[in-house]
Amino acid sequence: MRSNKNIAILGSTGSIGRSALDVIRSIEGLKVVGLSGHSQLDLLTKQAHEFEPRFVVATNPETRDSFKLPGLKQTEVLSGSDALEVMVTSGEVDIVLAAIVGQAGLDSTWAAIAAGKTVALANKETLVVAGNLMTELAKSSGATIIPVDSEHSAIFQALAAGNATEVRRIVLTASGGPFRDLNSDQLKHVTVEQALNHPIWEMGQKISIDSATMMNKSLEIIEARWLFGLRHDQIDVVIHPQSIVHSLVEFQDGSVIAQLSPPNMKLPIQYAFTYPDRVAGVCPRL
Ligand code: NDP
Ligand code: MG
């Protein structure tokens, strides 16, 4: 990697946040400067003691005022409703990983983009609710948005094979989720536990349910539309249960370029952190 990177993680206690910390542990030159958690304050405390970041934010208004980190002299516990914004706009932060779930991640991701940061974006819901505004803001602030969602990371990587004007269409892959082979009668009897038990990916609860209903792919079509400036008729979806091909780009000449790797979120997270470089890390190989 050409330069060291200081990273703030919004939602470090979640599935993406924890995978991101594994990536950072394994790559020299990546450093944690900010962490945030909502309800899992014991885990947040543990992470703070391991990484000794510059900033830590507990976001739940019911518990944040009593959250303290005694003994961590270098770490500032930011409080108040604008604490995440203060953290992500700090001059000490190079990359912000947006990994809060749902619309709750909007304000802090917005602040990072307005401040011209490199934003590693897992929180697709922010693009679903405000994609046109966020991409315009990034253009004016000079912020770089690098997708972390595996399909969009694949598209981002495959697009490097040509020019944006040469893209005919993109194809997002979908595993089909745990209920892919059920008929509509069988679907009437599925349980929440079955829906949360995804055959391929281990993820937070919201996205697991969205994957079981296929709603996740709808959100991803909207996400792709804004990230890559495509028309809706240029975005297709194909079911690919093995989840090895993470998505494909078809160019005007008929060439189709895909990105492949075992299904593991650490690779797209790592790529967003090390971009434009590629380094060895902890990701399993094909
Ligand atoms: P998790 O539910 O595992 O983690 C969510 C994170 O957000 C946790 O750190 C949680 O804190 C925090 N959080 C929850 N509510 C709030 C709130 N109101 N305000 C501030 N922080 C909050 O989700 P995932 O890691 O699975 O997903 C994160 C994002 O990444 C989502 O947008 C998802 O769509 C996207 N994504 C996830 C993938 C995956 O493999 N998991 C794949 C592709 C995209 P705490 O746990 O302390 O309560
Ligand atoms: Mg995805």
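Scope of this entry: the structure provided in the associated data block.

Reading guide: rules and limits
- Residues numbered from 1 in each chain as written.
- Chains lettered and ligands numbered in written order.
- Predicted model: local features only at pLDDT ≥ 70, side-chain atom pairs only at ≥ 80, totals over all residues.
- Heavy atoms only, no water.
- Buried < 20%, exposed > 50% of the residue type's maximum accessible area, 1.4 Å probe, protein only.
- Helix = DSSP H or I, 4+ residues; strand = E, 2+ residues; numbered from the N terminus.
- Pairing = 2+ DSSP bridges.
- Right-handed = clockwise from strand over helix to strand, strands pointing away.
- Axes fitted to C-alpha atoms, helices over the stretch in contact; angles between N-to-C directions.
- Parallel < 35°, antiparallel > 145°, perpendicular 65-115°, else oblique.
- Left-handed = near helix turned anticlockwise from the far one by under 90°.
- Contact = heavy atoms within 4.5 Å.
- Nonpolar A, V, L, I, M, F, W, Y, C, P; charged D, E, K, R; others polar.
- Patch = residues over 30% accessible without salt bridge, like charges linked within 9 Å, V, L, I, M, F, W, Y side chains within 5 Å.
- Areas by Shrake-Rupley, 256 points an atom, 1.4 Å probe, with all protein chains shown as cover.
- Salt bridge = Lys/Arg side-chain N within 4 Å of Asp/Glu carboxyl O.

**Considering the pairing of strand 3 (residues 55-58)**
Stage number 1. Burial along strand 3 is two-sided: Phe 55 and Val 57 and Val 56 and Ala 58, pointing in opposite directions, are all buried.
Stage number 2. Note that strand 2 (residues 30-37) and strand 3 share four bridges and pair parallel. Its bridge partner being in strand 3, Leu 35 is matched across the sheet by Val 56.
Stage number 3. Handedness of the β-α-β unit built from strand 2, helix 2 (residues 41-51) and strand 3 comes out right-handed.
Stage number 4. Pairing of strand 3 with strand 4 (residues 76-78) involves three bridges; the strand directions are parallel. Looking across to strand 4, one finds that Val 57 is bridged to Leu 78.

**Quick notes on the packing of helix 1 (residues 15-26) against helix 2**
Stage number 1. Where helix 1 contacts helix 2, the two axes come as close as 13 Å, and the packing angle between them is 15 degrees. On the basis of the axis angle, helix 1 is roughly parallel to helix 2. The element helix 1 and its partner helix 2 pack so that their crossing is left-handed. Between helix 1 and helix 2, the contacting residues are Arg 18, Leu 21, Ile 24 and Arg 25 on the first element and Leu 43, Gln 47, Glu 50 and Phe 51 on the second.
Stage number 2. Grouping the amino acids of the contact of helix 1 with helix 2 by side-chain chemistry returns four nonpolar, one polar and three charged.

**A closer look at unusual backbone geometry**
Stage number 1. In this structure, Pro 276 follows Tyr 275 across a cis peptide bond, with omega equal to 5 degrees.
Stage number 2. Its location among the elements puts Pro 276 in the segment after helix 11 (266-274).
Stage number 3. Although it is not a glycine, Met 214 sits at a positive phi angle of roughly 70 degrees.
Stage number 4. Within the element layout of this structure, Met 214 appears in the loop between helix 9 (205-212) and helix 10 (215-228).

**Concerning the sheet that holds strand 8 (residues 167-174)**
Stage number 1. Reading across the sheet, the four strands line up as 9-8-10-11 and stay open at both edges, with mixed pairing between neighbours. Because the sheet does not close on itself, it has two edges, and the strands there are strand 9 (235-239) and strand 11 (256-260). Going from strand to strand, the sheet's axes swing by 20 degrees on average, the running direction of each strand aside.
Stage number 2. Judged from the five bridges that link them, strand 10 (residues 245-251) and strand 11 form a sheet pairing that is antiparallel. Considered in strand 11, the bridge of Ser 247 is made with Gln 259.
Stage number 3. The sheet strands contacting helix 6 (residues 150-158) are strand 8, strand 10 and strand 11, and the helix crosses strand 10 at an angle near 40 degrees.

**Focus on a nonpolar patch on the surface**
Stage number 1. A surface patch of nonpolar side chains, amounting to about 210 Å² of accessible area, comprises Val 192, Leu 196 and Ile 209.
Stage number 2. The topology assignment puts Ile 209 in helix 9.
Stage number 3. The class of Ile 209 is partly exposed, set by a relative accessible area of 31%.

**Regarding the side chain of Ser 208**
Stage number 1. With respect to the secondary-structure elements, Ser 208 resides in helix 9.
Stage number 2. The contacts of Ser 208, once residues within four sequence positions are left out, are Ala 195, Leu 196 and Met 203.

**Looking at the sheet that holds strand 5 (residues 95-98)**
Stage number 1. Pairing in this open sheet of seven strands is parallel, and the strands run 4-3-2-1-5-6-7 from one edge to the other. Both edges of this open sheet fall to strand 4 and strand 7 (144-147), since each of them pairs with a single strand only. Neighbour to neighbour, the strand axes of the sheet diverge by 25 degrees on average, direction disregarded.
Stage number 2. The sheet strands contacting helix 4 (residues 106-114) are strand 1 (5-10), strand 5, strand 6 (118-121) and strand 7, and the helix crosses strand 6 at an angle near 145 degrees.

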